[in-house]
Amino acid sequence: MWKIYFISFIIILIILMEADRCRSYSYTLNDYYYNLFPLPVIGVYNSIVRLVHPYHTHNFDVNMFKSHHIMQSAWRSMRMEALQLYKKKDKLQSFRNLNNYGFGDIDPLDSNQTGKWKVFVLKWYDKPLQNALKYCPETIKTIMKCPDVHIAMFSILEPGKYIPEHKGPFTGCLRYHLGLQIPYDRENCYINVNKERFHWSEGSAFIFDDTYVHSVYNNTNEPRIILFVDIERPMITPLRQINQYGISKASLMKYVKELNDKSEETKELFKNYDLDDNIYISNH
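This is a predicted model, so every value here is computed, not measured.

What follows is about the pairing of strand E9 (residues 205-208). The two faces of E9 match: Ala205 and Ile207 on one face and Phe206 and Phe208 on the other face are all buried. Taken together, the two bridges between strand E1 (residues 59-60) and E9 define a ladder with antiparallel strand orientation. Its bridge partner being in E9, phenylalanine 60 is matched across the sheet by isoleucine 207. Here four bridges tie strand E6 (residues 173-181) to E9, and the two strands are oriented antiparallel to one another. What sits directly across from histidine 177, in E9, is phenylalanine 206.

Let us look at the sheet that holds strand E8 (residues 196-199). Strand order across the open sheet formed by four strands is E5-E10-E7-E8, with antiparallel pairing between neighbours. Looking at the sheet topology across the chains shown, the edges are occupied by strand E5 (162-166) and E8. The sheet shows a mean angle of 15 degrees between the axes of neighbouring strands, direction not considered. Inspection of the sheet shows E5 paired to strand E10 (residues 214-218) by three bridges, in the antiparallel sense. Pairing of isoleucine 163 across the sheet is with valine 216, part of E10.

Right, let's talk about the confidence of the model for the protein for a bit. The predicted model of the protein averages 83 in pLDDT, with 82% of residues at 70 or higher. When mean pLDDT is taken per element in the protein, helix H4 (residues 66-73) scores highest with 97 and helix H10 (residues 254-269) scores lowest with 51. Every residue in residues 277-284 scores below 50 in pLDDT, and together they form 22 contacts with partners more than four places removed in sequence or on other chains.

Before going further, it helps to examine the packing of aromatic side chains. The final tally for this structure, using the stated rule, is seven aromatic pairs. Look at tyrosine 32 and tyrosine 33: their rings are 5.0 Å apart centre to centre, the planes differ by 80 degrees, and that puts the pair in the edge-to-face class. Using a relative accessible area of 0% as the deciding quantity, one classes tyrosine 32 as buried. Here the aromatic rings of phenylalanine 206 and phenylalanine 208 are separated by 6.2 Å at their centres, their planes lie at 40 degrees, and the arrangement is tilted. Exposure class is identical for phenylalanine 206 and phenylalanine 208. Each is buried.

Reading the values: the criteria
- Residues numbered from 1 in each chain as written.
- Predicted model: local features only at pLDDT ≥ 70, side-chain atom pairs only at ≥ 80, totals over all residues.
- Heavy atoms only, no water.
- Buried < 20%, exposed > 50% of the residue type's maximum accessible area, 1.4 Å probe, protein only.
- Helix = DSSP H or I, 4+ residues; strand = E, 2+ residues; numbered from the N terminus.
- Pairing = 2+ DSSP bridges.
- Axes fitted to C-alpha atoms, helices over the stretch in contact; angles between N-to-C directions.
- pLDDT = per-residue confidence, 0-100.
- Contact = heavy atoms within 4.5 Å.
- Phe/Tyr/Trp six-rings, centres within 6.5 Å; stacked < 30°, edge-to-face > 60°.

Following this line, the structure appears as structure tokens:
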């Protein structure tokens, strides 16, 4: 009898993993089960979340999140700190250089695109980064009032930048975007999520499930700067507790440690620069 239970259990696991692998667009078998491990383990969890919360779509009501109101109320001070950093944008990390954990696929090395997606990591799971505490104290102060925020960074898309279709690996968090510096021609600066288009506005935000396929376009002649956040997904109690436990252990994972170390290199890059003057601010 135990063999029947065991085989049934394995079959269920495979069904859950395959449901996640083939959702929206498919990972190859080799990538999913080998190159990007532990995606199959995360995939089981993802499928369970979707089964328990079938009403969750790609788009969430941002006003249901208390942390949104906290961050939105401080958007001007965060914008000021982001613009101070933008003054030395050549010293910021490109997104693809933060980590080799598949980031190169969504920020491909291309002669027309290289270096056009800059980031400044503020918090990565368990704590704020030291260079963020130094250069963005008001932003960090705001983020630390939001216990459901686990990842935060400034994300800068230069004019002409295109981020191809991709999807996130984990349903436990949702993606929050708060507009800080948005091109005047905002109709040509947007993100497509599950075939629905969203435009950023300064001081406004939206939140979406990044496990749906999405792509990003800045077809303007100005930079787009946002606060980019991963915020905990609302769930029923048993799953919420499992989710919180898993997130709390994320800092033990190798790629999280690597990204922390890589992000802290920015501290050295900025050591000879005064970021307090000549701040770039647009007229809109």
